[in-house]
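Summary of the model geometry
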Amino acid sequence: MQPLRILIVDNAISHRKVMRAAMEEVLAALPGGGITEFATTAEETQLLLTAFQPNAITVNFAMSILRIDDTPFVPWLVRTARVPTIGYGLSDVLRDAALATGIDAYFMRPTQRSDWPPFCSKIARFLRRLAFPDEPPIYAPPHRHAPAGIASRGAPAPQPPRQTAPIAPAASAASRAQQPTPAARSAAPTFAPPTAPLTAPAGAAVPQRPAPSAAPAPSSDAAPSVKTTPPAAEPLVRAVVPSSLRRKVTPSKEDELFAMLARTAHTHAAPAPPAAAPPLPAEIRPAAGIKLIAIGASTGGTDAIADVLHRLQPPLPPIVIVQHIPAYFSRLFAIRLNEECTLPVDEGEDGLILEPSHAYIAPGDYHMAVCRQGGELALHCFHGPKIHSVRPAVDVLFGSVVKVLGADVLGVLLTGMGKDGADGLLRLRQAGAPTIGQDRETCVVYGMPRIAQERGALLYQLPLPQIGPAIQKIAGARY
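Residues numbered from 1 in each chain as written. Predicted model: local features only at pLDDT ≥ 70, side-chain atom pairs only at ≥ 80, totals over all residues. Heavy atoms only, no water.

**Description of the sheet that holds strand 2 (residues 34–39)**
Pairing between the strands of a sheet comes from backbone hydrogen bonds, and it takes one of two forms, parallel or antiparallel. This is how the line gets drawn: Here, any two strands with at least 2 DSSP bridges between them count as paired. The helix count covers DSSP runs of H or I at least four residues long, the strand count covers runs of E at least two residues long, and both are numbered beginning at the N terminus. For helices, the axis comes from a line fit to the C-alpha atoms of the stretch in contact; other axes are also lines fit to C-alpha atoms, and the angle between any two N-to-C directions lies between 0 and 180 degrees. In what follows, a contact means two residues having at least one pair of non-hydrogen atoms within 4.5 Å.
Judged by pairing direction, the sheet is parallel, and its 5 strands sit side by side in the order 2-1-3-6-7 without closing on themselves. Of all strands in the sheet, those with a lone pairing partner are strand 2 and strand 7 (105–108), marking the two edges. With strand direction ignored, the average angle separating the axes of adjacent strands in the sheet is 20°. In this sheet, strand 7 lies alongside strand 6 (residues 85–89) in parallel orientation, the contact comprising 4 bridges. Bridge pairing links Gly87 to Tyr106 in strand 7. Helix 1 (residues 16–29) contacts strand 1 (4–9), strand 2, strand 3 (56–60) and strand 6 of the sheet and is inclined by roughly 165° relative to strand 2.

What follows is the structure, given as structure tokens:
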């Protein structure tokens, strides 16, 4: 097995040493072992990407506030390194915002020194499965206080701690220019040279990551805590969670953590076309006169929205989307989707005229509504009071579209915590508009769609893979 080479990017002095020590101890116990390097600035990171050539990265998400020549640091890191990247921070509120930057997963950082070893163990095992998906499953490393020579069940005997290897010489320009295949990308990642600018030239195409390897079929003994995990993610859960934990009737915190990560983790390769959806129910029929598609989401919504948009093809009416997300990250989310999807995706702006077959993401910290402007549909973005303690709010968008278009709207409510969007979707349904809600099994948090269902606001309730095809059938056939 290849060693896992983790680049730890963190500018916090308070926990730098304890994290490195804990990570190296964990890596020594993993099959194949591993080494680490530490970067505390963007410049150090850029140099180490070439010199150290990591096959996995962890980054303190607090560094996302840094800007290098007007380029956000974390998205630059993800696009430049093109290896599995996990972020961590003190607040779970930033999870969706972190995933919107393109990192593979987001962890809560420990506050107690004693919690660092298990925290690093979870990150290391998760990164290894992303970096080397073809390897056999990795189970939990032996207990750090086990007697010498005695390992935990299912784990290899402990190995002596490895010394950090010397930094490898920089790769040649010719080797860096070669695009790695999916099988070889962990061995020969492509990086920018140390002297390259942090920003791409204006108008330059953003390089796409290689296509991911197909995931193995899930096993039948998965735990109840991960029974709603999409099939493609199930092997990852089985790989990183010991079987003893998976057999528990009551899910442990680690079961829940890995179930959520596996449902929402981004692949470090370019997004593959979504798997074919099951046939739509016969009762879903095309609707005449649909002039707009309105979508709302919250917790887990970044990946749900991406799944829906990946399945859509023109011609379609304009699509307006509210995702609960902080300011600034909405723009990164729109940029990422625009690069991945067939339909153009933009961040909404006040006064912007809506175009067919375009999607618009509400700007963070601004409500987004739809209005008429000279006979055309346009966006109105404003900094009004928070609704349901959030801004942008789905109910603001849904309330505006029902006033302007009545029944000529397709309303969609995806995964999310709370009740935002339920009232607005009910108003759309009462006006005669078709409405869709995501079902319990495929939601990260079954909150907003549940309230909508209880209030009678849903015409259809569907699993996530069917929502995109249903939108296409209802709104696209006669547009």
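**Things to note about the pairing of strand 14 (residues 409–413)**
The cut-off we apply is this: The cut-offs for exposure are 20% and 50% of the maximum accessible area for each residue type, with area from a 1.4 Å probe on protein chains only; residues under the lower value are buried, those over the upper are exposed, and the others partly exposed.
Burial runs high along strand 14: 5 of the 5 residues are buried. Where burial is concerned, the two faces of strand 14 agree: the one with Val409, Gly411 and Leu413 and the one with Leu410 and Val412 are both buried. Note: strand 8 (residues 292–297) against strand 14, 5 bridges, orientation parallel. Bridge pairing in strand 14 places Ile293 opposite Leu410.

**Thoughts on the packing of aromatic side chains**
Just so we agree on the cut-off: For Phe, Tyr and Trp, where Trp contributes only its six-membered ring, two rings pair if their centres lie within 6.5 Å, and the inter-plane angle classes them as stacked under 30 degrees, edge-to-face over 60, or tilted in between.
Under the definition given, this model contains 6 aromatic pairs. Both rings, one in Phe61 and one in Tyr106, keep their centres 6.0 Å apart while their planes meet at 80°; by these two values the pair is edge-to-face. With Phe61 in the loop between strand 3 and strand 4 (67–68) and Tyr106 in strand 7, this residue pair connects regions lying 45 residues apart in the sequence. Per residue, the accessibility class of Phe61 equals that of Tyr106, and both read buried. For the pair Trp116 and Phe119, a centre-to-centre distance of 5.2 Å together with 90° between the ring planes defines the contact as edge-to-face. Of this pair, Trp116 and Phe119 both sit in helix 5 (residues 116–131), separated by 3 residues, roughly a single helical turn. For the residue pair Trp116 and Phe119, the accessibility class agrees, reading buried in each case.

**Considerations on the nonpolar core**
Selection rule: Think of a nonpolar core as a cluster: buried Ala, Val, Leu, Ile, Met, Phe, Trp, Tyr and Cys residues, connected wherever their side-chain atoms sit within 4.5 Å.
Residues Leu309, Ile319, Ile436 and Ile471 are the most contacted members of the largest nonpolar core, which totals 62 residues. Discounting chain neighbours no more than four positions away, the residues touching Leu309 are Ile319, Ile321, Leu337, Cys341, Val345 and Ala359. Formed by 30 residues, the second largest nonpolar core is a distinct cluster that contains Val370, Val394, Leu405 and Val409.

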